[in-house]
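# Report on the structure
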Amino acid sequence: MTHPLLDLTPLTAAHFANIERRVAALLSTAQDVVITQGEALLPLEGCIRGVAGPDTTALNVITGPYGQTFGDWLRDCGARVVDLAVPYDAAVGADQVAEALAEHPEISFVSLVHAEAATGNTNPVAEIGRVVREHGALFMVDAVASVGAEPLLPDAWGVDLCVIGAQKAMGGPAGVSAVSVSERAWQRMAANPRAPRRSYLSLLDWKERWIDAGRTALLHAPAQLEMVALQACVERIEDEGLETVIGRHTRAAAATRAGVKALGGGFAPYVREARHAAPVATTLRAPEGVDASELVARTLAADPVLPLVAGGGALAKEMIRVNHYGTAAASSTVHSCLSALGAALTDLTGRSVDPDAARRAATAAWERPAG
């Protein structure tokens, strides 16, 4: 018996290369794009281990949990790391990056997360990219949560290594990812004696055996289901239009932020300034005295398909995240989340909320013209 997920026609090198070209078009990049056969942590670690070594001084910007991970990898490579940490309810400014670079002129590598889905903030990559390029450092950006949710232009912004994943705003699979690589980044890897070779982490292997060889023979058997799913989600974005997809995420975040303020009951946006809030997910502060994990669990017990999750780690008791991933960036989903959170709070604590006011505020924000 056949099955729609089994017995697929083998994925050829030409098909794989075509998907790469479509991903490159999504990023408006002329740089080499490598699709990596694993979740985005694979190319993120591959980028850092490819360019960093004992002679590297790195500026690692921390606006959420992934910045911590990047610092660990950099130190493991022997690099000297300068951490620039800002509160998770805000964004880093280009002026802060410029100050750190001025204090440490030896910095040759900068790592940054564009949008932090875990904390709900987003960083001004375009402005930071100008500062980093003027300094002459290599610039790596984790854009897993921003691609498809907000503008992302690695070439125009001076990003040397731009890593994306399909599982968030793109609405695609989690088991495949991609990275755009500038010529400067390739040169840095080639000159790094510690760069992985003959390894699943090696981007240089893909450069030499795939890109430079004309993309005629794959390095290993591709993750076929994930590649087909990646193609499908890119096609869906192409059909809807990238600007339209970004617009949905922007409106979903604005509507959620406006609606929760009107809902009452003690809810508040976690990211304090709207300009620092990421369109891919809106994080909320749980009402005082209420455990966010318990409130989310109660909400999902009533409607388990809602895109809600409590904060991770130390934020589990205080943060609620409303994800706007892909098709969840919809007005109906925003209204459902606000209504369900309000009902769960009343059920749990007896506090009153105003769902009608929340619905009106969210609708007005959704319909407001962009800009």
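Residues numbered from 1 in each chain as written. Predicted model: local features only at pLDDT ≥ 70, side-chain atom pairs only at ≥ 80, totals over all residues. Heavy atoms only, no water.

### A closer look at the side chain of Gln 37
Secondary-structure assignment places Gln 37 in the loop between β1 (32-36) and α2 (41-51). Residue Gln 37 is classed as buried on the basis of its relative accessible area of 9%. At 2.5 Å, the side chain of Gln 37 forms a polar contact with the backbone nitrogen of Ala 223. Ignoring any residue separated from it by four or fewer positions in sequence, one finds Gln 37 in contact with Phe 16, Leu 42, Gly 175, Val 176, Tyr 200, His 220, Pro 222, Ala 223 and Met 227. (Helix = DSSP H or I, 4+ residues; strand = E, 2+ residues; numbered from the N terminus. Buried < 20%, exposed > 50% of the residue type's maximum accessible area, 1.4 Å probe, protein only. Polar contact = N/O pair within 3.5 Å; in protein donor to acceptor, adjacent residues only side chain to side chain. Contact = heavy atoms within 4.5 Å.)

### Focus on the pairing of strand β8 (residues 161-165)
Extensive coverage of β8 is indicated by the burial of 5 of its 5 residues. What you see with β8 is no split at all: Leu 161, Val 163 and Gly 165 on one side and Cys 162 and Ile 164 on the other are buried throughout. With 3 bridges connecting them, strand β7 (residues 138-142) and β8 associate as parallel partners. The partner of Met 140 across the bridge, within β8, is Leu 161. Judged from the 5 bridges that link them, β8 and strand β9 (residues 177-181) form a sheet pairing that is antiparallel. Looking at β9, one finds that Leu 161 is bridged to Val 181. (Pairing = 2+ DSSP bridges.)

### Remarks on the layout of surface pockets
Taken as a whole, the largest pocket holds about 480 Å³ of empty space. The wall of the largest pocket is formed by 29 residues, among which Thr 122, Ala 274, Arg 275, His 276 and Ala 277 lie closest to the centre. Of all elements in the fold, only α5 (125-135), α10 (242-263) and β11 (281-285) reach the threshold of two or more residues within the lining of the largest pocket. It is α10 that provides the largest number of residues to the lining of the largest pocket, a total of 5 residues. For the lining of the largest pocket, a count of residues per class yields 15 nonpolar, 9 polar and 5 charged. (1 Å grid on protein atoms, 1.4 Å probe; cavity = no way out; pocket = protein on both sides within 12 Å on 5 of 7 lines; lining within 4 Å. Points joined across faces, edges and corners; volume = space filled by probe spheres on them. Nonpolar A, V, L, I, M, F, W, Y, C, P; charged D, E, K, R; others polar.)

### With respect to the sheet that holds β8
Pairing is mixed across the open sheet formed by 7 strands, whose spatial order is β1-β9-β8-β7-β4-β2-β3. Among the strands making up the open sheet, the edge pair consists of β1 and β3 (80-85). Within the sheet, the average angular offset between the axes of one strand and its neighbour, ignoring direction, is 15°. Of the pairings in the sheet, the one linking strand β4 (residues 109-113) to β7 comprises 5 bridges and is parallel in character. (Axes fitted to C-alpha atoms, helices over the stretch in contact; angles between N-to-C directions.)

### Overview of a nonpolar patch on the surface
The grouping of Leu 5, Leu 6, Leu 8, Leu 225 and Val 228 at the surface amounts to a nonpolar patch, some 420 Å² of accessible area in total. Relative to the elements of secondary structure, Leu 6 occurs in the segment before α1 (13-26). Note on Leu 6: relative accessible area 52%, which makes it exposed. (Patch = residues over 30% accessible without salt bridge, like charges linked within 9 Å, V, L, I, M, F, W, Y side chains within 5 Å. Areas by Shrake-Rupley, 256 points an atom, 1.4 Å probe, with all protein chains shown as cover. Salt bridge = Lys/Arg side-chain N within 4 Å of Asp/Glu carboxyl O.)

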